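If you want the building blocks of each chain, they are given just below.
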Amino acid sequence: MADLPSFNLFDLLAGLRRGDFSARELTLATLERIERLEPALHTLITFTPELALQQAEAADRRYAAWRQDDPSAGWGLPALLGIPVMIKDVLCLKDVPCTCGSRILENFVPPYTATAVQRLLDAGVVVVGKSNTDEFAMGSSTENSAFGPSRNPWDLNRVPGGSSGGSASAVAARLVPAATGSDTGGSIRQPAAFCGVTGLKPTYGRVSRYGLVAYGSSLDSVGAFARSAAEVAELFRIMAGHDPLDSTSANLPVPELHLGQRNLQGLRIGVPEEYFIEGIQPEVEQAVRVAIDQMQALGARVQTVSLPHTSYALPVYYLIAPAEASANLARYDGVRFGRREPAERMIEMFFKTRGKGFGAEVKRRIMLGTYALSAGYYDAYYGQAQKVRTLIKQDFERAFQQVDVIACPVTPTTAFPIGEHTDDPLAMYLEDVFTLPANLAGVPGLAFPVGFDSRGLPVGMQLMGPHFREDILLQAAYAYQQATDWHLRTPATR
Ligand SMILES: NC(=O)C[C@H](N)C(=O)O
């Protein structure tokens, strides 16, 4: 096989079932494509070709048994048997390093697998590697990865977004049809927008966080990337659902996803006035407004809604997320996980290990968070932020009494050049203005491509929905994608 026969998950599955190619052939072609493009893109922290080939051969044995009607093959076939994927390097996969983009976990090999990853493995995926991320998922560009940034396949001098930038870049460059991500304040949706792919941040509690290295525990969600909403829906269906190993996992059934509908008849779309602010790149606003018009032409009813506390979301997030991070990252002390710097005395060992192990952004957040949680300041900062968070959540609850989904931009701008924000953390934080309200409210958000700017960089649109209604978002994006082809456009990387 010279190159991949298709880049669509369903086409690949159909080809595997028909026996047009084997999982081993598909994997070899994938590995070859990764080896060819990886020097330019740097999507991976750990490449796992041996594991991938083992899994592919197991998939082929299963297909063979299924073809021969061997009862040991079980009834039917696992849903993603033989499909190559990347796993963001903040999700544990047993016996494969999980670095979180950090020197402090450089040599950490988890002894167990995250539930969301296990569900994908049970569905038969082939893991080709652990994808690049900002250190501990803190960042919007992958420039905070201790292993160097990933690149945007639409323009190699630009960032792919972050923190799940490796996954988004890989799906956009068609190294893999699907990849996982995590989203604490935008880490799936923002890179999806920058790379022109579809990315879902599910409702908080919908996908298990067991085995996801914790960043902001009240905000973290595990989700997925693919090129289309239909493919993302399939990944979501497999990853979602209750998990007794995560106490915040919701014990609710995952609704059947019927993505057949090609129109949006009856869908009420709310457009929040607070999301079309000054400073937004005019081409981004333009593309999103055209997409909303198109959804209206497909039958949706569009109205303005107000989310009045939106402007507080950024400061609230940058208190709560660092506060939770500072507590979660206390466990990297040189004793229990990963790196340990030798020293005479224990206290020195802590200082040296954390001093050398963490990068600048992680240290900044630990300091911010520790300060916000310290005695005397707790009520003024963390306590106050939690109260405002409730107001933000109520904004959404009120809006969802009037509309089924909220439509807005994902990011104020398209992908920025590598290095542009590295000396200005605030400018980097501003990347998240439109995405982090969904994390604060716990509602699902879906990003998908709706056009390009004049530089040829993808523009994304975000749909947010009520808690546990990922189905509405996926259905709406599916109908939009049946009528448009932005999600099928590909960068020049061959
Ligand atoms: N993790 C995320 O969702 C990304 C966000 N930009 C942050 O640094 O917190």
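Residues numbered from 1 in each chain as written. Predicted model: local features only at pLDDT ≥ 70, side-chain atom pairs only at ≥ 80, totals over all residues. Heavy atoms only, no water.

1. Some points on the UniProt feature "active site" (unreviewed entry) in the protein
Then, number 1: In the numbering used here, UniProt assigns the feature "active site" (unreviewed entry) to Lys-88, Ser-163 and Ser-187. In terms of the greatest pairwise C-alpha distance, the residues named above, spread along 100 residues, form a tight cluster of at most 10.9 Å across.
Then, number 2: Tracing the sequence through the fold places Lys-88 in strand E2 (residues 84-88).
Then, number 3: Taking the relative accessible area as the measure of exposure, Lys-88 reaches 0% and is therefore buried.
Then, number 4: Once residues lying within four places of it in the same chain are set aside, the contact partners of Lys-88 are Lys-130, Ser-131, Thr-133, Ala-137, Ser-163, Ser-164, Ser-167, Thr-180, Gly-181, Ser-182 and Ser-187.
Then, number 5: In this fold, Ser-187 is placed in the loop between strand E4 (178-183) and helix H6 (189-195).
Then, number 6: Among the residues examined, Ser-187 registers a relative accessible area of 5% and is labelled buried.
Then, number 7: Residues contacting Ser-187, with those up to four places away along its chain left out, are Lys-88, Ala-137, Gly-139, Gly-162, Ser-163, Ser-164, Ser-182 and Phe-225.
Then, number 8: Side-chain polar atoms of Ser-187 contact the side chain of Ser-163, separated by 2.6 Å. (UniProt positions renumbered as here; feature names shortened; annotations may be inferred. Helix = DSSP H or I, 4+ residues; strand = E, 2+ residues; numbered from the N terminus. Buried < 20%, exposed > 50% of the residue type's maximum accessible area, 1.4 Å probe, protein only. Contact = heavy atoms within 4.5 Å. Polar contact = N/O pair within 3.5 Å; in protein donor to acceptor, adjacent residues only side chain to side chain.)

2. Some details on the site of the ligand
Then, number 1: Inspection of the region around the ligand gives 14 residues, with Ala-137, Gly-185, Ser-187, Tyr-215 and Tyr-317 positioned closest.
Then, number 2: A distance of 2.9 Å separates an oxygen atom of the ligand from a polar atom in the backbone of Thr-184.
Then, number 3: Within the side chain of Asp-432, one N or O atom sits 2.7 Å away from a nitrogen atom of the ligand.
Then, number 4: Relative to its unbound accessible surface of 270 Å², the ligand loses 100% to contact with the protein.
Then, number 5: Taken together, the residues of the shell around the ligand sort by class into 5 nonpolar, 6 polar and 3 charged. (Near = heavy atom within 4 Å. Areas by Shrake-Rupley, 256 points an atom, 1.4 Å probe, with all protein chains shown as cover. Nonpolar A, V, L, I, M, F, W, Y, C, P; charged D, E, K, R; others polar.)

3. A few points about the packing of helix H4 (residues 115-122) against helix H7 (residues 229-239)
Then, number 1: Two numbers describe how H4 lies on H7: the axes approach to 8 Å, and their chain directions differ by 110°. In this view, H4 runs roughly perpendicular relative to H7, as classed from their interaxial angle. As for the relative orientation of H4 and H7, their crossing is right-handed in sense. Residues Ala-116, Arg-119 and Leu-120 of H4 lie in contact with H7, whose contacting residues are Leu-235, Ile-238 and Met-239.
Then, number 2: Split by residue class, the contact of H4 with H7 holds 5 nonpolar, no polar and 1 charged. (Axes fitted to C-alpha atoms, helices over the stretch in contact; angles between N-to-C directions. Parallel < 35°, antiparallel > 145°, perpendicular 65-115°, else oblique. Left-handed = near helix turned anticlockwise from the far one by under 90°.)

4. Concerning the sheet that holds strand E9 (residues 405-409)
Then, number 1: The strand order across the open sheet built from 11 strands is E1-E3-E2-E4-E6-E5-E10-E11-E9-E7-E8, with neighbouring strands paired in mixed fashion. Sheet topology places strand E1 (44-47) and strand E8 (301-305) at the edges, where each strand pairs with a single neighbour. Across the sheet, the mean angle separating the axes of adjacent strands is 30° when strand polarity is ignored.
Then, number 2: In this sheet, strand E3 (residues 126-131) lies alongside E1 in antiparallel orientation, the contact comprising 3 bridges. Along E3, the bridge assignment pairs Phe-47 with Gly-129.
Then, number 3: Relative to E3, helix H3 (residues 49-67) is tilted by about 155°, and along the sheet it contacts E1 and E3. (Pairing = 2+ DSSP bridges.)

5. Here we look at the state of the cysteines
Here, disulfide denotes a covalent bond that connects the sulfur atoms of two cysteines.
Then, number 1: For the structure shown, the criterion picks out 0 disulfides.
Then, number 2: Cysteine Cys-98 remains unbridged, with the sulfur of Cys-100 as its closest cysteine sulfur at 4.3 Å.
Then, number 3: Here Cys-98 falls in the buried class, since its relative accessible area comes to 0%. (Disulfide = S-S within 2.5 Å.)

6. Quick notes on the pattern of salt bridges
Then, number 1: Within this structure, the stated rule accounts for 22 salt bridges.
Then, number 2: Salt-bridge contacts for Arg-345 lead to Glu-348; the nearest nitrogen and oxygen are separated by 3.9 Å.
Then, number 3: You can call Glu-348 partly exposed: its relative accessible area is 29%.
Then, number 4: The partner of Arg-469 in a salt bridge is Asp-471, with the nearest N and O atoms 2.9 Å apart. (Salt bridge = Lys/Arg side-chain N within 4 Å of Asp/Glu carboxyl O.)

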